[in-house]
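Here are the chains, one letter per residue:
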Amino acid sequence: MTDHETLVASVRPASPVTLEADYDAAVSRWLWLVKWLLALPHYLVLAVLFIGSALATLVALFAILFTARYPRLLFDFNVGVMRWSWRVGYYTYGTLGTDRYPPFTLGPAPDYPARLDVAYPERLSRGLVLVKWWLLVLPQWLIVSLLVGGSGSAGGVAGLLTFYAAVAVLFTGTYPRGMYDLNIGLHRWAARVAAYGGLMTDTYPPFRLDQGEREPY
């Protein structure tokens, strides 16, 4: 390995899935009460995007089975749906981490306080594609359903943390840092599982809670 390759590897995230956010202690005391209404256009768009993502994943399954490659256009689309969903969840009741309204885009928004990316795999296992999305990922899905709920955004432990954080913000004007770090860690775990179950990586998600704003390196 060259010195350059060693340097790149040394700063590469531990997972092909990167989920990060920027902590804002002083979010609005009251805005969270109406975010369900403000985010309604996003919910409607996401409902359509989720259907498209399911169809894209089905097509990708057969493409991987025959070519060992995830079609890049489909991959970028599904990563975009994950990004969009994460930004909306971060703004609303997945985290309540920001008062900045999410952009309507599938692409990256590096200046938005919630960011997500998945490294594109050059090749994927043809054999794993038949079992990882339903059998291998099953223990992880069960855990994630407890961590962030069946919707993957605003339920489970993360939903409870968000509720308590909202009460804390209402009375103190400050988002408790410990709740925030734990919440982000829960969503990071869920994103890794979603990428694996969505056939976007062969890297099995670790049974590990990486808390805080930044990915471990």
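In this text the structure is predicted, and so the values were computed from the model without any measurement. Starting afresh in each chain, residues are numbered from 1 along the sequence in its written order. With the structure being a predicted model, the display of local features is reserved for residues of pLDDT at least 70 and the display and counting of side-chain atom pairs for 80 or more, all residues being used for whole-chain, interface and lining totals. Where side-chain values are given, they derive from all heavy atoms of the structure, hydrogens and water being excluded.

Participant: Explain the overall build of the chain to me, please; I cannot follow it from the model alone.
Facilitator: When its secondary structure is counted, the chain shows 8 helices and 2 strands. Numbering goes from the N terminus for both helices and strands, where a helix is a DSSP run of H or I of at least four residues and a strand is a run of E of at least two. Start at the N end of the chain and walk to the C end: the helices and strands fall as α-β-α-α-α-β-α-α-α-α. Expected size for 217 residues packed as a compact globule is a radius of gyration near 17 Å; at 18 Å, the chain falls within 12% of this value. Classification of the 217 residues of the chain by burial places 45% in the buried group. Pairs at least 24 residues apart make up 74% of the contacts formed inside the chain by residues separated by at least 6 positions. Here the globule rule reads 2.2 Å times residues to the power 0.38, and the radius of gyration is calculated from C-alpha atoms. For each residue, the accessible area found with a 1.4 Å probe, counting protein chains only, is set against the maximum for its type, and the residue is called buried under 20%, exposed over 50%, and partly exposed in between. Contact between two residues is taken to exist if any of their heavy atoms lie within 4.5 Å; hydrogens are not considered.

Participant: Even after reading the chapter, I still don't get the packing of aromatic side chains, so can you show me in this structure?
Facilitator: Given two aromatic rings, their pairing is described by the distance between the two centres and the angle made by the two planes. The pairing test for Phe, Tyr and Trp rings, Trp by its six-membered ring, is centres within 6.5 Å, and the orientation test on the planes gives stacked under 30 degrees, edge-to-face over 60, and tilted for anything in between. Under the defined criterion, the tally for this structure stands at 13 aromatic pairs. Relative to Y101, the ring of Y91 lies with its centre 5.5 Å away and its plane at 80 degrees, an arrangement referred to as edge-to-face. You can see Y91 sitting in helix 4 (residues 72–91) and its partner Y101 sitting in the loop between helix 4 and strand 2 (114–118), a full 10 residues away along the chain. Grouping aromatic residues by their ring pairs yields a cluster made of Y23, W86, Y90, Y175 and Y180. Remark: a charge is flagged as sitting over a ring if the NZ atom of Lys or the CZ atom of Arg is within 6 Å of the ring centre and within 35 degrees of the ring normal. The positively charged end of R72 is found above the aromatic ring belonging to Y120, 4.3 Å away from the centroid.

Participant: Explain the environment of G198 here, please?
Facilitator: Tracing the sequence through the fold places G198 in the segment after helix 8 (177–197). Distance from G198 to V129, taken between C-alpha atoms, is 9.5 Å for residues 69 residues apart in sequence. Once you skip the residues sitting within four places of it in the chain, G198 turns out to touch T57 and Y70.

Participant: Would you mind showing me how to read the pairing of strand 1 (residues 17–21) here?
Facilitator: A regular strand places its side chains on the two faces of the sheet in alternate fashion. Strand 1 sits mainly inside the fold: 5 of its 5 residues count as buried. Across the two faces of strand 1 the burial is the same, with V17, L19 and A21 and T18 and E20 all buried. Here strand 1 pairs with strand 2 via 5 bridges, running antiparallel. Paired with E20 across the bridge in strand 2 is R115. DSSP calls a pair of strands paired once it identifies at least 2 bridges connecting them.

Participant: Sorry if this is basic, but what is going on with the packing of helix 6 (residues 138–148) against helix 8 here?
Facilitator: Any two packed helices are characterised by the angle at which their axes cross and by the distance between the axes. Comment: axis = line fitted to C-alpha atoms, over the contacting stretch for helices; angle = value between 0 and 180 degrees taken between N-to-C directions. It is the contact of helix 6 with helix 8, at a shortest axis distance of 10 Å, that shows an interaxial angle of 145 degrees. Two packed elements cross with a definite hand, and for helix 6 against helix 8 that hand is left-handed. Residues Q140, W141, I143, V144, L147 and V148 of helix 6 lie in contact with helix 8, whose contacting residues are L186, H187, W189, A190, V193, A194 and G197. Within the contact of helix 6 with helix 8, the residues separate by chemical class into 10 nonpolar, 3 polar and no charged. Crossings are sorted by hand: turned counterclockwise from the far helix by less than a right angle, the near helix makes the crossing left-handed, and turned clockwise it makes it right-handed. Asp, Glu, Lys and Arg are counted as charged, while Ala, Val, Leu, Ile, Met, Phe, Trp, Tyr, Cys and Pro are counted as nonpolar; the rest, among them Gly, fall into the polar class.

In short, geometric facts, not functional conclusions.
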